[in-house]
Amino acid sequence: MDKTDLNDAQVAAIEQPGSVFLVACPGSGKTRTLTFKIARLLSELKSDKKRIVAITYTHRAADEIHERIEQLGVDTSQLWIGTIHSFCLEWILKPYGIYYPALANGFQVINGHDTEQMLDDICGKVQGTNLNRYDCAYYFTPSGYRLTSTATDKHPVIKGVLKTYWGTLRDERKIDFELILFCAYQLIKKNPSISVLLGSIFECVLVDEFQDTREIQYAILASILKASQGRVRAFVVGDPNQAIYSSLGGYAITAADFGAQCGIQFKEMELVDNYRSSSRIVGY
């Protein structure tokens, strides 16, 4: 690792041997830090059976980090990097879906366009309302689902639409992006051995943009980390001041709260230097 490419705070976070909860302000070199951290973890692996897992908010971010690591000349064959939905599909639903009744006979993931069309069709059949698919947006929590519509008078009708929608998906053996998370959570909750097994495979789990992570996503990752009994480290990065998806259930958890869920004592660290703006703007 060429330390001339990094400042002292970045080097400290990368070299910290335990679990890290890193608050990184805009322009502070967060992606560079993640890249070098993953590269270091990969170079330190002592078993070809272990994996480094990195959860990013978008596929684009995953591709960028993956490409940067390869440019450093580091072997990425033991790295898995992608979104939380991709993680749940690849590591939980595909290998263990047989233990979940709705998925046991196979399933197909539908995209956002398919979801919109289905909701449009169902809403169009509801008499006496001007309901549309945007009213029917929802997200899952560990205890159920939440509607995002602020029109509470429409909630009873929206719940009816969603019941029809989910029933259609079940009959056609399909799941949408939200059900990926809910099914994955239900699987590991009812089958703790899944978390134990994954906890024995992963060396470190890295999470980018934690401020836009949802409760159910925290719960899925925490289950795996806790099952490892401290053997899996975590490297969590984000900025509470940049949270933009609170209306969809995303929130910036604290190091103490996530640590309690995971059974991990996090080292809290910060990146405060800004490389995107002039000192005058940063000072303001």
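Higher on the page you've got the structure.
One structure accompanies this document, and this report is about it. (Residues numbered from 1 in each chain as written. Predicted model: local features only at pLDDT ≥ 70, side-chain atom pairs only at ≥ 80, totals over all residues. Heavy atoms only, no water.)

### Overview of the environment of W166
- Within the fold, W166 resides in helix α6 (residues 155-171).
- For W166, a relative accessible area of 18% puts it in the buried group.
- Along the sequence, W166 and L179 sit 13 residues apart, while their C-alpha atoms lie 9.2 Å from each other.
- For W166, the residues in contact, after removing those within four places along its chain, are Y138, F140, Y145 and L179. (Helix = DSSP H or I, 4+ residues; strand = E, 2+ residues; numbered from the N terminus. Buried < 20%, exposed > 50% of the residue type's maximum accessible area, 1.4 Å probe, protein only. Contact = heavy atoms within 4.5 Å.)

### Focus: the side chain of K30
- Tracing the sequence through the fold places K30 in helix α2 (residues 30-44).
- On the basis of relative accessible area, K30 is assigned to the buried category, the value being 16%.
- Here the side chain of K30 touches E209 through a polar contact of 3.3 Å, side chain to side chain.
- Non-local contacts of K30, meaning those with residues more than four positions away in its chain, are made with A24, D208, E209, V237 and L271. (Polar contact = N/O pair within 3.5 Å; in protein donor to acceptor, adjacent residues only side chain to side chain.)

### A look at the nonpolar core
- F87, I92, L93, L162, Y165, F202 and F258 are the most contacted members of the largest nonpolar core, which has 63 residues in total.
- Once you skip the residues sitting within four places of it in the chain, F258 turns out to touch Y218, A222, L225, V236, I253 and F266. (Core = buried A, V, L, I, M, F, W, Y, C linked by side-chain atoms within 4.5 Å.)

### Considering the sheet that holds strand β3 (residues 79-82)
- Taken in spatial order, the six strands make up an open sheet running β3-β2-β8-β9-β1-β10, and their pairing is parallel. The open sheet has two edge strands with one neighbour each: β3 and β10 (267-271). Direction aside, neighbouring strands of the sheet carry axes that sit 15° apart on average.
- The sheet contact formed by strand β2 (residues 51-55) and strand β8 (residues 202-207) spans five bridges and is parallel. For V53, the partnering residue across the bridge sits in β8 and is V205. (Pairing = 2+ DSSP bridges. Axes fitted to C-alpha atoms, helices over the stretch in contact; angles between N-to-C directions.)

### Focus on the pattern of salt bridges
- Enumeration according to the criterion identifies 12 salt bridges in this entry.
- The residue E90 makes a salt bridge to K94 at a minimum N-O spacing of 3.0 Å. Residue E90 and its partner K94 are both found in helix α4 (residues 84-96); the two are separated by four residues, about one turn of the helix.
- In this structure E90 comes out as partly exposed when scored by relative accessible area, which is 40%.
- Through salt bridges that share partners, K30, D208 and E209 make up one connected network. (Salt bridge = Lys/Arg side-chain N within 4 Å of Asp/Glu carboxyl O.)

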